[in-house]
Amino acid sequence: FVSHKLDEVLRISDRIAVFRDGLKVAEIRSSEATQDQLVTAMVGRELSTLFPDRPRSLGEVILRVDDLLAYGIAEPVSFEVRSGEVLGIAGLVGAGRTELLRAIFGASRRRAGRVSVLGQPVGNSPAEAMRAGIGFVPEDRKSEGLHLPLSLRDNITLAVLRNLARGMFRRESRECSVADSFIGQLDVHAASREQPVVSLSGGNQ
């Protein structure tokens, strides 16, 4: 039985093996295991607090959404996010969460309303959202977030390709440098930057 749902693993198993980065790092009898032990083995370090308190002070308004309407959103949505603030958007499937975020990013056309960053209006396209500093991580990485047959280098540099190209020519050395930098920062485990993304584990994808 393979799962990340540790309560289920503990409930139905006799013995648990933990794999990390392709290696078996622990094997424990279920009767002697705790969720904390398993999490420590899975991440490679002890987590003293799962959600630590991080004191922060709020600054100026960074993102402002006014009366936004798009396909799948029943009523106009307005909110603002300040520097130092994390905003969570929750709701049932079909409530419009995904549609709202896609409309902010310009991946879905807005029917009405306005999005602004630092007081400057953001146009209704992903390119304009990216120029304003807005990023979007889709919920379905395989169909919307990745070009699975392409390499890590291609996938990483697609988002900044317009800055790495001159006319119709790609700058391979710059692409390699950018890809290596992100692979290191994000601790992606791969044989090389040219490895097809489809061959990576789900976590590394």
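Before reading further, recall that the structure is shown in the block above.
Below: a short report on this structure. Here the structure is a predicted model, which is why all the values come from computation and not from measurement. (Residues numbered from 1 in each chain as written. Predicted model: local features only at pLDDT ≥ 70, side-chain atom pairs only at ≥ 80, totals over all residues. Heavy atoms only, no water.)

So, about the sheet that holds strand β5 (residues 110-117). Judged by pairing direction, the sheet is antiparallel, and its four strands sit side by side in the order β4-β3-β5-β6 without closing on themselves. Only two strands of the sheet have a single partner each, and these edge strands are β4 (77-82) and β6 (120-121). In terms of strand pairing, strand β3 (residues 61-70) meets β4 through five bridges, oriented antiparallel. Bridge pairing in β4 places L68 opposite V77. Strands in contact with helix α3 (residues 97-105) are β3, β4 and β5; relative to β3, the strand with the most contacts, it is inclined by about 115 degrees. (Pairing = 2+ DSSP bridges. Helix = DSSP H or I, 4+ residues; strand = E, 2+ residues; numbered from the N terminus. Contact = heavy atoms within 4.5 Å. Axes fitted to C-alpha atoms, helices over the stretch in contact; angles between N-to-C directions.)

With 17 residues, the main nonpolar core has L63, V65, L68, F79, I104, V115 and I134 as its most contacted residues. Of all the secondary structure elements, the ones that give two or more residues to this core are β3, β4, α3 and β5. Ranked by the residues each element gives to this core, the list is headed by β3, at five residues. For L63, the residues in contact, after removing those within four places along its chain, are F79, E80, V81, V115, S116, V117 and I134. Listed in part, the nine residues of the second largest apolar core include V18, A33, L38 and A41. (Core = buried A, V, L, I, M, F, W, Y, C linked by side-chain atoms within 4.5 Å. Buried < 20%, exposed > 50% of the residue type's maximum accessible area, 1.4 Å probe, protein only.)

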